[in-house]
Amino acid sequence: MREDIRLASRRVLCVFPKYSPSFGTFEYAYPLTNGVQAFMPPQGLLLIAASLPQNWDVRFIDENIAPASPDDFRWADAVFVSGMHIQRRQMNDICRRAHEHDLPVALGGPSVSACPENYPDFDYLHVGELGDATDDLFRRIANDPSRPESQIVLTTQERREMSEFPLPAYELIPLRKYFLGSIQFSSGCPYQCEFCDIPALYGRNPRLKTPEQVLAELDKMVACGLSGSVYFVDDNFIGNRRAALELLPHLVEWQKRNGFALHFACEATLNIAKRPEILTLMRDAYFTTVFCGIETPDPAALKAMSKQHNMVVPILEGVRTLNSYGLEVVSGIILGLDTDTMDSGEGILEFIDQSQIPLLTINLLQALPRTPLWDRLKRENRLNEDEDRDSNVEFFLPYDHVVATWRECMGRAYTPEKLFARFEHQVRETYCNRIAVPNSKQRLSWYNIKRALVMFSHIVWQVGVKSDYRREFWRFAWPRLKSGDIERILQVGLVAHHLILFARGASGGQQTASYYSARVPEMSVAAE
């Protein structure tokens, strides 16, 4: 569609909704940076913006950075929105504001693709991935930019090959205002974990971009000002192991050409620990973090949720293997499983102590539509639609006990003493196994030096002077300072500050216990 300039010219306002404050978006860290205001660029909507006909004007607003203004809506002929379940309220609010200007609003993305019935007020629903439905939407807007008399649902029947995707429109956003860069290599996952909606939405046979596309996206992000880290948002980086092996040498060479300007991170199943050929190349490409959905240390629970692939190697052995390749593990943990007991919280805390994983996203189980879990709980009449709850699951254990366990786990796992001890473990067992990257002109650019100085001054003042955990911070930071390892102080200082403050709010009942919860937190994230 991008080449079809015969369509009447239109002005499209792309608006990405704001996230509610959460554990995984690091809002508490932003005041310590040099102007970061959002977590990661919205890949899906940037792809749509890049796919618009060439003769169309596009304006892109990420409301995590700044809200769309009345002038933005007055400028537009149509509004495009995308988002996830957690952003449902915010998406509906964008629709309301657009309708105040009598603009047609099209909604796409994972939430509407899973639950189109949840969005009755939008004019167009785009269900599924980029494809024939996208072309149909563009034609309809070109032919008539007024609001249709009733809602129109467009469902993708023929998906566009990922190898034909355009480069996301990174030029439309201020990349330097994001905590991390993001990039997608594949879509889909071969596994069928009971709680996951990825196979239903995107399939079990991962679809792929070419290595050349990935490198072109990296080049474009760097040209648009990105520095620091880039996260591969693939649902499972090794969903197609052969493809990952083909991509990684290209990433190694790109890093060498670009002076190892970026850190890479990704999501992968824990059985990656059985793939030394992949891990070696990841280390050479300067992957430094991998998110693994460990979910629970209980083998019976893993079997019940169809996640036996986590038991290909003993979990703690798998974590140690990844650490030996310089990969810091980030883990997902779930509370509220049918196999949980009254003592499951203690088991999770013991696992945290044994694994020494610094960052674990502990969540209450949530049943997402189009998952085997949703289907099973619906049959068992165990879905709860009360939006004042942190989960839509009727647990076997008392609900209040599960929530109280989550609060206690958050409070105890993220005390400054425990957290900095786990980071100290990473210094000894993980960071030392990373490749030595050169002091290249890209890494030592004036922008990077200035950014590091600003961040260092903020961390020293806010954490090292003003915080009530400054003693634990300096116990970690002082040896790094003496050795000149400023980068470690910056990285750990930012992340630890967010985790400690968020966990305090969580243990005090001021945060929701599930990332997918529809309940509004009692207290918004603090600015300082």
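Data block above holds the structure.
Residues numbered from 1 in each chain as written. Predicted model: local features only at pLDDT ≥ 70, side-chain atom pairs only at ≥ 80, totals over all residues. Heavy atoms only, no water.

Just to check I follow, could you spell out helix H11 (residues 315-324) for this structure?
Because each turn of an α-helix spans 3.6 residues, side chains separated by three or four positions end up pointing in the same direction. Along H11, the positions that sit buried rather than exposed are Ile 315, Gly 318, Val 319, Leu 322 and Asn 323. Buried residues of H11, viewed axially, fall in a sector of 140°; they line one side. For H11, the elements touching its buried residues are helix H9 (276-284), strand E12 (287-295), helix H10 (299-304), strand E13 (328-335), helix H12 (344-355) and helix H15 (416-429). Immediately downstream of H11, the backbone of Gly 326 shows phi near 80°, a positive value. (Buried < 20%, exposed > 50% of the residue type's maximum accessible area, 1.4 Å probe, protein only. Helix = DSSP H or I, 4+ residues; strand = E, 2+ residues; numbered from the N terminus. Arc of directions from axis to C-beta. Contact = heavy atoms within 4.5 Å.)

I'm lost on the pattern of salt bridges in this one. Help?
Should the charged atoms of two oppositely charged side chains come close, the side chains can pair. The tally for this structure, following the rule as stated, stands at 30 salt bridges. We note a salt bridge from Arg 59 to Asp 72, for which the minimum N-O separation is 2.9 Å. With Arg 59 in strand E2 (residues 57-62) and Asp 72 in helix H2 (residues 70-75), this residue pair connects regions lying 13 residues apart in the sequence. Ionic pairing is found between Glu 295 and Lys 307, a salt bridge with its closest N-O pair at 2.8 Å. One end of the pair, Glu 295, is in strand E12; the other, Lys 307, is in the loop between H10 and H11, with twelve residues separating them in the sequence. As far as the burial class goes, Glu 295 and Lys 307 line up, both buried. Salt bridges sharing partners connect three or more residues here, namely Glu 63, Asp 93, Arg 96, Arg 97 and Glu 100. (Salt bridge = Lys/Arg side-chain N within 4 Å of Asp/Glu carboxyl O.)

I would appreciate a short explanation of the side chain of Ser 182 in the present structure.
Take Ser 182: it is sitting in strand E7 (residues 181-183). There is a polar contact of 3.2 Å between the side chain of Ser 182 and the backbone oxygen of Pro 41. Contact partners of Ser 182, with chain neighbours within four places excluded, come to Met 40, Pro 41, Gln 43, Tyr 170, Met 221, Val 230, Tyr 231 and Val 233. (Polar contact = N/O pair within 3.5 Å; in protein donor to acceptor, adjacent residues only side chain to side chain.)

Even after reading the chapter, I still don't get the packing of aromatic side chains, so can you show me in this structure?
Remark: the centre distance and the inter-plane angle together describe each pair of aromatic rings, the angle taken between the planes. This structure, assessed with the given rule, holds 22 aromatic pairs. Pairing Phe 420 with Phe 476 gives two aromatic rings, centres 5.9 Å apart and planes at 40°, and the pair type is tilted. Of this pair, Phe 420 sits in helix H15 while Phe 476 sits in helix H17 (residues 470-483), and the two are 56 residues apart along the sequence. The pair formed by Phe 420 and Phe 476 is uniform in burial state, with each residue classed as buried. Members of the aromatic cluster, connected to one another through ring pairs, are Phe 185, Phe 232, Phe 237, Phe 264 and Phe 287. Sitting above the plane of the Trp 75 ring, Arg 59 keeps its charged end 4.3 Å from the centroid. (Phe/Tyr/Trp six-rings, centres within 6.5 Å; stacked < 30°, edge-to-face > 60°. Lys NZ or Arg CZ within 6 Å of the ring centre and 35° of its normal.)

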